[in-house]
Amino acid sequence: QVQLVESGGGSVQPGGSLRLSCAASGSRFSTYVMGWYRQAPGKQRELVATMPNGTTTNYADSVKGRFTISRDNVKNTVYLQMNSLKPEDTAVYYCNADIPWGTTMFRYWGQGTQVTVSS
């Protein structure tokens, strides 16, 4: 069982910054496809960013140029640096790990961390 523990959420004013962290258990972190998703009140969970390896990154159009995903394979941790935050970014943010096991891909989720952007 893979555990994903998130931290770094909180409240910030528009234009501010937050850095989310997600620490993963296991010894095969370098094989995990890591990502961040978010779910705002009354909306479906949506993709924010993914990092399938140490170099490739993908972002939702709504966060491009403002958010940066990164990973540290030694610390088994993925980060989401969020700059120029907007009220529309308010949501519960979930860390995600897609883990290959044989021919099967298993999906794991963190517990979620609240990000609130308001004046």
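Conventions and cut-offs
Residues numbered from 1 in each chain as written. Predicted model: local features only at pLDDT ≥ 70, side-chain atom pairs only at ≥ 80, totals over all residues. Heavy atoms only, no water. Helix = DSSP H or I, 4+ residues; strand = E, 2+ residues; numbered from the N terminus. Rg over C-alpha atoms; globule rule 2.2 N^0.38 Å. Buried < 20%, exposed > 50% of the residue type's maximum accessible area, 1.4 Å probe, protein only. Contact = heavy atoms within 4.5 Å. Areas by Shrake-Rupley, 256 points an atom, 1.4 Å probe, with all protein chains shown as cover. Lys, Arg positive; Asp, Glu negative; His and termini not counted. Charge placed at Lys NZ, Arg CZ, Asp CG, Glu CD. Salt bridge = Lys/Arg side-chain N within 4 Å of Asp/Glu carboxyl O. Pairing = 2+ DSSP bridges. Axes fitted to C-alpha atoms, helices over the stretch in contact; angles between N-to-C directions.

Asker: Would you mind going over the overall build of the protein with me for this structure?
Answerer: Helix and strand counts for the protein stand at zero helices and eleven strands. Secondary structure elements of the protein occur, N-terminal to C-terminal, as β-β-β-β-β-β-β-β-β-β-β. For the protein, whose C-alpha radius of gyration is 14 Å, the value lies close to the compact-globule estimate of 14 Å for 119 residues. With the C-alpha coordinates aligned to their principal axes, the bounding extent of the protein is approximately 45 × 30 × 25 Å. Within the protein, the proportion of its 119 residues that are buried is 42%. Within the protein, contacts between residues separated by at least 24 positions form 54% of all contacts whose residues are at least 6 apart in sequence. Here the protein has roughly 6300 Å² of accessible surface; of this, 49% comes from carbon and sulfur atoms. Between the averaged position of the 11 positive side-chain charges in the protein and that of its 7 negative side-chain charges there is a distance of 3 Å.

Asker: Teacher, can you tell me more about the pattern of salt bridges here?
Answerer: A side chain of one charge can pair with a side chain of the opposite charge if their charged atoms are brought near each other. Following the criterion strictly, the structure yields five salt bridges and no others. Residues Asp89 and Arg38 are paired through a salt bridge, measuring 2.9 Å at the closest nitrogen-oxygen approach. Remark: Arg38 occurs in strand S4 (residues 33-39) and Asp89 occurs in the loop between strand S8 (77-82) and strand S9 (91-101); sequence separation between them is 51 residues. By relative accessible area, which is 1% here, Asp89 ends up buried. A relative accessible area of 5% places Arg38 in the buried class. It is possible to trace a salt-bridge network through shared partners that takes in Arg38, Glu46, Arg66 and Asp89.

Asker: Just checking my understanding: could you explain the pairing of S4 for this structure?
Answerer: Each regular strand shows side chains that alternate between the opposite faces of the sheet. Most of S4 is tucked away, with five of its seven residues classed as buried. The pairing of S4 with strand S5 (residues 46-51) spans five bridges and is antiparallel. Along S5, the bridge assignment pairs Met34 with Met51.

Asker: Help me understand the sheet that holds strand S7 (residues 67-72), please; the structure alone is not making it clear to me.
Answerer: The strands making up a sheet associate through hydrogen bonds between their backbones, and the pairing can be parallel or antiparallel. Across the sheet, four strands lie side by side as S1-S3-S8-S7; this open sheet has antiparallel pairing. Strands at the two margins of the open sheet, each flanked by one partner only, are strand S1 (4-7) and S7. Strand-to-strand twist across the sheet, computed as the mean angle between neighbouring axes with direction ignored, equals 15°. Taken together, the four bridges between S1 and strand S3 (residues 18-24) define a ladder with antiparallel strand orientation. Residue Ser7 lies in a different strand from S3, and its bridge partner there is Ser21.

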